[in-house]
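Commentary on secondary and tertiary structure
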Amino acid sequence: MAVVQIKKNVYWVGAIDWNDHDFHGYSTAPKGTTYNAYLVIDDKITLFDTVKEEFKMDLYHQIRSLVKLEDIDYIVANHMEPDHSGALPWIMEQVQPEKLFCSKMGKKALEEQYHHPEWPYEIVGTGDSISLGKKSVQFMETRMVHWPDSMFSFIPEDKLLFSQDAFGQNLASVERFDDEVDFEALMKETSFYYANIVLPYSPQVRKVFTNLTNIGWDISMIAPDHGVVWRSHVDKIIAAYDAYSKQVTGKKAVIVYDTMWHSTEKMAKAIGEGLTDEGISYVLMHVKAFHHSQVMGELANATGIICGSSTHNNGILPLVADFLTYMKGLRPMGRVGAAFGSYGWSGESVKQITEIMESANIEMVTEGARVKNRPTHNDLTGCRELGRLVGKAIKEKLATNE
Ligand code: FEO
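Worth saying up front: this structure is predicted, and the values here are computed from it rather than measured.

A short note on the side chain of D158
With respect to the helices and strands, the residue D158 is situated in the loop between β12 (151–155) and β13 (160–162). The class for D158 is buried, based on a relative accessible area of 12%. With sequence-adjacent residues up to four places away left out, D158 is seen in contact with K7, K8, V10, K135 and S220.

Dropping the structure here:
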């Protein structure tokens, strides 16, 4: 794809990865992602971030259509995760820049990752600025949004924020701007990205908002390192991140389960009826039908998480354990939950699910529902009651948060 001018003399020079469907456990299927890099042409020609190593020739051709590589003066590394720095060693060799700007933690991480202590590092931090000629760049560290090294760069003359992972989406498209794609689909991808990448760092996102207020940048365009550039919906994406980071949820529950011979599945459906009795919306997600990152995407705006598994070899079915491990790592806050499952003779799954969910700070509403072999009508009535209890707890939780 050709370069795209996003502001006068500021160009998107990144790469589209149509085939990436697994970003360390986050399934981006079916849409892939982009690795966004930006080139500013001024007295000091400056490259902001690079791309995954295997896309370095895409980056090269993009830049070469504007300038020669050796004409680049500065490189800014806003984030050193390899999807943005993988091509950096090759680019550094070609460009031999005057300076490589990064945060203090960025220098440490880049040295550990690429072992080039001779690179012309220039450490910048919050409040620092540099001149490129007509334009300037201001910096703000954003530790843990997404990694310890992360930082934002801001060009005040263009009101343009380079935000690395923040405000990004795993969305592979030839469209480069938020007003060129379907807005509803865009916000869904943005929400899924947050739920699967940024969620555990929500307290740090709150801090970034405070720092942005203090620093007073007047932002009219946000250029993240993944997905489209925000130019028409800047207020909406900032409001969305405000809500995501506060983990604002609604009258919704996610029932996620695996089942061996459909008994646990029958329980899941009865639990759903109980939620409906209480006016709670829900989604029923079989772990074999939905990837764990899709479940997290649904949990993003749900207050309840109800997890079920048949007992299998005295434990939890493997894909349920996989989901619980993934969810725990993403640290959702302010959720209530319950566990359920059928069993043949030993029946440990409900207790084990409960323990994992408690360790993930989910407030468990009941001791859970266990059914031996096939559920009877009375068993399913009990499951429906469990659904009602969780539904009531969801409403209480939301009332407390108001
Ligand atoms: Fe897109 Fe944290 O890397």
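Considering the sheet that holds strand β11 (residues 136–141)
The strand order across the open sheet built from five strands is β10-β11-β12-β13-β14, with neighbouring strands paired in mixed fashion. Strand pairing shows two members of the sheet lacking a second neighbour, β10 (129–131) and β14 (221–223), which therefore form its edges. For this sheet, the mean angle separating the axes of adjacent strands, direction not counted, is 20°. With three bridges joining them, β13 and β14 adopt parallel strand pairing. From the neighbouring strand, L160 faces β14, where its bridge partner is M221. Contacting β11 and β12, helix α6 (residues 202–215) crosses the sheet at an angle of about 140° to β11.

Thoughts on the environment of R64
The residue R64 is located in helix α1 (residues 56–64) in this model. Each C-alpha atom of the pair R64 and A185 lies 33 Å from the other, and the pair is 121 residues apart in sequence.

Focus: the pairing of strand β17 (residues 302–309)
Within β17, eight of the eight residues are buried, leaving the element largely enclosed by the surrounding structure. Relative to β17, strand β15 (residues 250–258) is paired through seven bridges, and the arrangement is parallel. Following the sheet pairing, D258 is matched in β17 by S309. Relative to strand β20 (residues 336–343), β17 runs parallel, the two being bridged by five bridges. Residue pairing for β20: G308 is matched across the bridge by F340.

Quick word on the packing of aromatic side chains
Counted according to the given criterion, the structure contains 14 aromatic pairs. Ring geometry for F167 versus Y241: centroids 4.5 Å apart, planes at 45°, classification tilted. Taken as a pair, F167 in the loop between β13 and α5 (183–198) and Y241 in helix α7 (residues 234–245) lie far apart in primary sequence, 74 residues in all. Each member of the pair, F167 together with Y241, is buried. For the ring pair Y194 and Y244, a centre distance of 5.2 Å and an interplane angle of 45° mean the geometry is tilted. In this pair, Y194 is assigned in helix α5 and Y244 in helix α7, connecting sequence segments 50 residues apart. Its relative accessible area of 2% is what places Y194 among the buried residues.

Focus on the pattern of salt bridges
If the charged atoms of two oppositely charged side chains come close together, the side chains can form a pair. Within this structure, the stated rule accounts for 22 salt bridges. A salt bridge links E363 to K397; the shortest N-O distance between them is 2.5 Å. Of this pair, E363 sits in strand β21 (residues 363–364) while K397 is found in helix α12 (residues 377–401), placing the two residues 34 residues apart along the sequence. Residue classification places K397 among the buried residues on the basis of a relative accessible area of 15%. Salt bridges linked by common partners bring E273, D277, R384, E385 and R388 together as one network.

What counts and what doesn't
- As a convention, each chain's residues are numbered from 1 in the sequence order in which they are written.
- Per-residue local features are limited, in this predicted model, to residues with pLDDT of at least 70; the limit for side-chain atom pairs, both in listing and counting, is 80 or more; totals at the level of whole chains, interfaces and linings are taken over all residues.
- With hydrogens and water stripped out, all remaining heavy atoms of the structure feed into the side-chain values.
- Put simply, DSSP H or I for four residues or longer makes a helix, DSSP E for two residues or longer makes a strand, and each gets a number counted from the N terminus.
- Each residue is placed in one exposure class: buried if its accessible area under a 1.4 Å probe, protein chains only, is under 20% of its type's maximum, exposed if it is over 50%, and partly exposed if it falls in between.
- The contact criterion used is simple: two residues touch if any of their non-hydrogen atoms lie within 4.5 Å.
- Two strands form a pair only when DSSP identifies at least two bridges running between them.
- As a rule, the C-alpha atoms of each element are fitted with a line to give its axis, helices using only the stretch in contact, and angles between N-to-C directions run from 0 to 180 degrees.
- The aromatic pairing rule takes the rings of Phe, Tyr and Trp, using the six-membered ring of Trp, and pairs them if the centres are within 6.5 Å, calling planes under 30 degrees apart stacked, those over 60 edge-to-face and the rest tilted.
- In what follows, salt bridge is the name for a side-chain nitrogen of Lys or Arg lying within 4 Å of a carboxyl oxygen of Asp or Glu.

Keep in mind these values describe shape, not function.
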